[in-house]
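Per-entry structural report
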Amino acid sequence: MIFDRRLILLATPRQIGVLDWRPGHMHWLGEFAASEAGLAAFRQVLLDHAQLPVLLVVDTVDEDYRSDILPHVQGRARDELLQRKLKQVFRNARFTGAWRQARETTGRRDDRYLLAALTDGDWLMPWLSVLHREQAPLYGITPMAMACQHLLARLRVHEQHVLLACRFSNGLRLSYYHDGLLRFSRLIGSDMPTQLAGNAADEIAKTQLYLSGQRILPREARLHVLLLDLSGQLDSAQAPLNADPAFSTRRVELTSLARALRIPQDFLAATAEIAPLAAIAGEALSLDLAPPELLRRHSEFLWRRGLNWAAGIVAATGLTLGATYWLHAQGLRDQALQIRVETQSSDARHAAIVRNFPALATRPDQLGLTLALATQLNRKPLDVNALFMPLGQALAAHPDVVVKAMTLQDTADGTADITLEAKLADFDGNYRAAMSRIDGFVARLAATPGVAAVERLTSPVNTAPTATLSGKTIGEAGSDETRFTLSLQLRTS
Amino acid sequence: MNLPPIASLKTSILLLLAAVSISAVGVYWSHEQDTEARAALQLQQAALNAARARQQQGQTEERLIVQHLDAYQALIARGFVGEENRLAWIEAVQLANQDARLYGLSYTLSPRAAAPATLASGLPLNQTRMVVKMPLLVETDLPRFFDALSARTTGVFRVNRCRLSRVSDVPPQPVNHPELDAECELLWFTVAADVKEAK
């Protein structure tokens, strides 16, 4: 992460070095002696880099490592178990820590721990006081051997039994790693005679014997020794060690180290201690020797950073959403403006069209309808001649039928209704004969072309079973008694 | 990670609350702006559609006016459009009766009424009922009268019903004496003018 910047401190009893680290970049801020001036300068560095998380890597001879097998428990029970165990093993040591390295695969499947402590941490107190005063968020104290473990991982060393011999300004550090995990480490101070080049091989051999004696290293195991000394003083130890079949020794070259850590060679050559610090800088802390009260500032720092991040994310999200909505709204407004202009233009065109309209007595869309209606109504009125034609033909065939009245009705659907009131010219009282003559007239009408239907409405004698029929046989019969009414439907088109 | 004292995080908490508040207000305000702009755009789009429809209607009406104006003005001149012209109708039936060499007539004009909707085709069509009674010599006088009326009048009318009845039972005589009575119902049509909607 670009904001994952931190200070990595390398503390020794004589001095403290400061590395300003962030992924891909680092800057060595210098070393400060354990003196008033050094403490003041160190304080100034902290002030200049306030609010950066701090990791303290301790490189001292006063350290102790124990491997132990403990029952597999979790949570608060594990914390209490480890506290008791650390108290029991390291007595009153203030800087202690436990690292659960692995779980046994057999038996109770217990947990295997590495317990570590700074047996003498008094020399560290002035530096911690400065950190405390400046409220630096210390996130851990870890031994140099742990930093070297990450260096091994960077160098891709996969052998099972590895002894890393590092020579820095503070002395020669010998650390044993089993399957890449720290099991033991010791520092031989630079003021001791073993720092002479010829004695390095002896110290390594003694360490191997110690590890075997403590059953940390199996007796038959071949120990792979890595010599890390950029000054080249350990080179002479390689030949005597390789002469012993129990060792397999090789040097770590500056080029491979720089490539593994992605650090320029000249930068690395100037300050060799940067190598383990750079290796551990971006890694999670496995073994932390800091008591909880020293980590309080870092806890605050994490909370504060989380809250600030949350605020930033919320603000950025709000800004993005707000800007998106606002920009979208502006786009819509622009569209609305364009449409308004288009609407005004369309209205203007419409107004120009309507302005030239003549004054009309109706709406323009009704002009055509009015004309069509006029055409429909203006057709020739009831064609009386056409209606008289079939009627005249029937009457000519029946001269004994006298028309009394006739009503013509235009039904406007291509037909006309005629109601014909007539009587027979002469009547001798024979209703049967009269009805027969009327029937003949009706039949004649029905057969005449142009006649759609003929219906007899009234007859001289109503023989319907539902009607009341009355008459007289006294006196002379008149022709009015033969009146009848017919309804005709004629086709006019 | 244990929660440190709230007091030590006061500034960060306030910062977060401020960010949440300002962001919420900003997002709400901009969302409202967006909603309003969307509604305004929809309104404007509807206005544009209406304007386009008006313009298209105007063009259609312009075309209709060009196409039908002359014929429509002729209808106005004939009296089909506008107020009814009863005097012209009365004169027309009288002159038609004279032209057909008939024997006079009597007439009755009813108040104007709205024509049936099926006939009106959605127009304000009115009809005025005129009943004409006149004596006839023979039945064929009736079509001659209607032909003369069609020639005399410019109005639009329709013969709705006619009743012919014989005055007496005497057979037709070769003298100029009408023996038939005709009673006809004519419908005169007019379309009411609507000047308000003309433009």
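Residues numbered from 1 in each chain as written. Chains lettered and ligands numbered in written order. Predicted model: local features only at pLDDT ≥ 70, side-chain atom pairs only at ≥ 80, totals over all residues.

1. Notes on the overall build of chain B
The number of helices and strands found in chain B is four helices and five strands. The linear arrangement of helices and strands in chain B, starting from the amino end, is α-α-β-β-α-β-α-β-β. Burial analysis of chain B (199 residues in total) assigns 28% to the buried set. Within chain B, residue pairs in contact and separated by at least 24 positions form 70% of the contacts whose partners lie at least 6 positions apart. (Helix = DSSP H or I, 4+ residues; strand = E, 2+ residues; numbered from the N terminus. Buried ≥ 20, exposed ≤ 12 C-beta atoms within 10 Å, placed from the backbone. Contact = placed C-beta atoms within 7 Å.)

2. Some details on the overall build of chain A
Looking only at helices and strands, one finds 13 helices and 17 strands in chain A. Each of the 493 residues in chain A was classed as buried or not, and the buried ones make up 34%. Expressed as a percentage of contacts within chain A between residues at least 6 apart in sequence, the contacts between residues at least 24 apart total 67%.

3. A short note on the confidence of the model for chain B
The predicted coordinates should not be examined in detail at positions where pLDDT is low. Mean pLDDT for chain B: 88, with 93% of residues reaching 70 or above. Among the scores for the predicted complex, ipTM is 0.76 and pTM is 0.62. (pLDDT = per-residue confidence, 0-100.)

4. Focus: the sheet that holds strand 4 (residues 54–58) of chain A
Residues and elements named next belong to chain A. Ordered in space as 3-2-1-4-8, the five strands form an open sheet in which the pairing is mixed. If you trace the sheet from one side to the other, it starts and ends with strand 3 (25–33) and strand 8 (138–143), each paired once. Between one strand axis and the next, the sheet turns through 20° on average, direction left out of account. As judged from the eight bridges shared by strand 2 (residues 15–22) and strand 3, these two strands associate in the antiparallel manner. Within strand 3, the position partnered with valine 18 by the bridge is glycine 30. (Pairing = 2+ DSSP bridges. Axes fitted to C-alpha atoms, helices over the stretch in contact; angles between N-to-C directions.)

5. A closer look at the sheet that holds strand 5 (residues 63–70) of chain A
Residue and element names in this part refer to chain A. With respect to topology, three strands assemble into an open sheet ordered 5-7-6, the strand pairing being antiparallel. Strands with a single pairing partner mark the edges of an open sheet, and in this sheet they are strand 5 and strand 6 (95–103). Shown here is a sheet whose adjacent strand axes are inclined to one another by a mean of 20°, direction ignored. Both strand 5 and strand 7 (residues 111–118) contribute to a ladder of eight bridges, which runs antiparallel. Considered in strand 7, the bridge of aspartate 68 is made with tyrosine 113. Strands in contact with helix 2 (residues 75–90) are strand 5, strand 6 and strand 7; relative to strand 5, the strand with the most contacts, it is inclined by about 135°.

6. Section: the packing of helix 10 (residues 296–355) of chain A against helix 1 (residues 10–78) of chain B
At a minimum axis distance of 7 Å, the contact between helix 10 of chain A and helix 1 of chain B shows a crossing angle of 15°. As judged from the angle between their axes, helix 10 of chain A and helix 1 of chain B are roughly parallel. The way helix 10 of chain A lies across helix 1 of chain B gives a crossing that is left-handed. In terms of residue class, the contact of helix 10 of chain A with helix 1 of chain B is built from 27 nonpolar, 20 polar and eleven charged. (Parallel < 35°, antiparallel > 145°, perpendicular 65-115°, else oblique. Left-handed = near helix turned anticlockwise from the far one by under 90°. Nonpolar A, V, L, I, M, F, W, Y, C, P; charged D, E, K, R; others polar.)

7. Re the nonpolar core
Core analysis: the largest hydrophobic core is formed by 87 residues, its most contacted members being Leu9, Val57, Leu164, Ala165 and Leu277 of chain A. Sequence-distant contacts of leucine 277 of chain A, defined by excluding residues within four places in its chain, comprise Ile8, Leu10, Leu19, Val57 and Ala147 of chain A. One finds Leu387, Leu408 and Phe427 of chain A together with Met134 of chain B within the second-largest nonpolar core, a separate group that totals 61 residues. (Core = buried A, V, L, I, M, F, W, Y, C linked by C-beta atoms within 7 Å.)

8. Things to note about the interface of chain A and chain B
Taken together, the contact pairs 66 residues of chain A with 74 residues of chain B. Counting only elements with at least two residues in the side of chain A that touches chain B, the list comes to helix 10, helix 11 (367–377), helix 12 (384–397) and strand 14 (401–410) of chain A. Broken down by element, the residue count for the side of chain A that touches chain B peaks at 34 residues, all from helix 10 of chain A. Classifying every residue of the side of chain A that touches chain B by side-chain character gives 36 nonpolar, 18 polar and twelve charged. Two elements, strand 14 of chain A and strand 4 (residues 156–166) of chain B, share five bridges in a ladder whose sense is antiparallel. Across the sheet, the residue bridging to leucine 408 of chain A is cysteine 162 of chain B, located in strand 4 of chain B.

9. Looking at helix 13 (residues 431–447) of chain A
Residues lying three or four places apart along an α-helix face the same way, a consequence of the helix completing one turn every 3.6 residues. Residues and elements named next belong to chain A. Helix length check: helix 13, at 17 residues, gives a terminal C-alpha distance of 24 Å against a target of 24 Å (1.5 Å per residue), a fit within 8%. Among the residues of helix 13, Ala434, Ile438, Phe441 and Leu445 are the ones counted as buried. What you see down the axis of helix 13 is that its buried residues fit within an arc of 55°, all on one side. Opposite the buried face of helix 13, by more than 90 degrees, sit the exposed residues Arg432, Ala433, Ser436, Asp439, Ala443 and Ala447. (Expected span 1.5 Å × (residues − 1). Arc of directions from axis to C-beta.)

10. Observations regarding the confidence of the model for chain A
Chain-level statistics for chain A give a pLDDT mean of 88 and a share of 94% at 70 or above. Of all the helices and strands in chain A, helix 12 of chain A carries the lowest mean pLDDT, 82, while strand 4 of chain A carries the highest, 96.

11. Notes on unusual backbone geometry
All names here are of chain A. In this structure, arginine 156 takes a positive phi of about 55° despite not being glycine. Overall, the presence of 8 C-beta atoms within 10 Å leaves arginine 156 in the exposed class. The phi torsion at aspartate 179 lies on the positive side, around 55°, for a residue other than glycine. Among the structural elements, aspartate 179 can be located in the loop between strand 10 (171–178) and strand 11 (181–189). A residue is classified by how many C-beta atoms lie within 10 Å of it, and aspartate 179, with 12 of them, is exposed.

12. A word on the environment of threonine 415 of chain A
Within the element layout of this structure, threonine 415 of chain A appears in strand 15 (residues 415–424). For the pair threonine 415 of chain A and alanine 452 of chain A, spaced 37 residues apart in sequence, the C-alpha to C-alpha distance is 8.5 Å.

13. Considerations on the packing of helix 2 (residues 86–99) of chain B against helix 4 (residues 141–152) of chain B
Residues and elements named next belong to chain B. Axis separation between helix 2 and helix 4 bottoms out at 8 Å; the angle between their running directions is 130°. Classified by the angle between their axes, helix 2 and helix 4 sit oblique to one another. For helix 2 against helix 4, the interelement crossing comes out right-handed. Along the contact surface, helix 2 presents Ala92, Val93, Leu95, Ala96, Asn97 and Asp99, while helix 4 presents Phe145, Ala148, Leu149 and Arg152. For the contact of helix 2 with helix 4, the residue count by class is seven nonpolar, one polar and two charged.

14. Thoughts on the pairing of strand 4 of chain B
Pairing analysis gives ten bridges linking strand 4 of chain B to strand 5 (residues 180–191) of chain B, with the strands arranged antiparallel. Residue pairing in the sheet places arginine 163 of chain B in a bridge with glutamate 183 of chain B of strand 5 of chain B.

15. Quick notes on the environment of alanine 422 of chain A
Residues and elements named next belong to chain A. Its location among the elements puts alanine 422 in strand 15. Judged by the 21 C-beta atoms lying within 10 Å of it, alanine 422 falls in the buried class. Alanine 422 has contacts with Val401, Val402, Val403, Lys404 and Phe484, leaving out every residue within four places of it along the chain.

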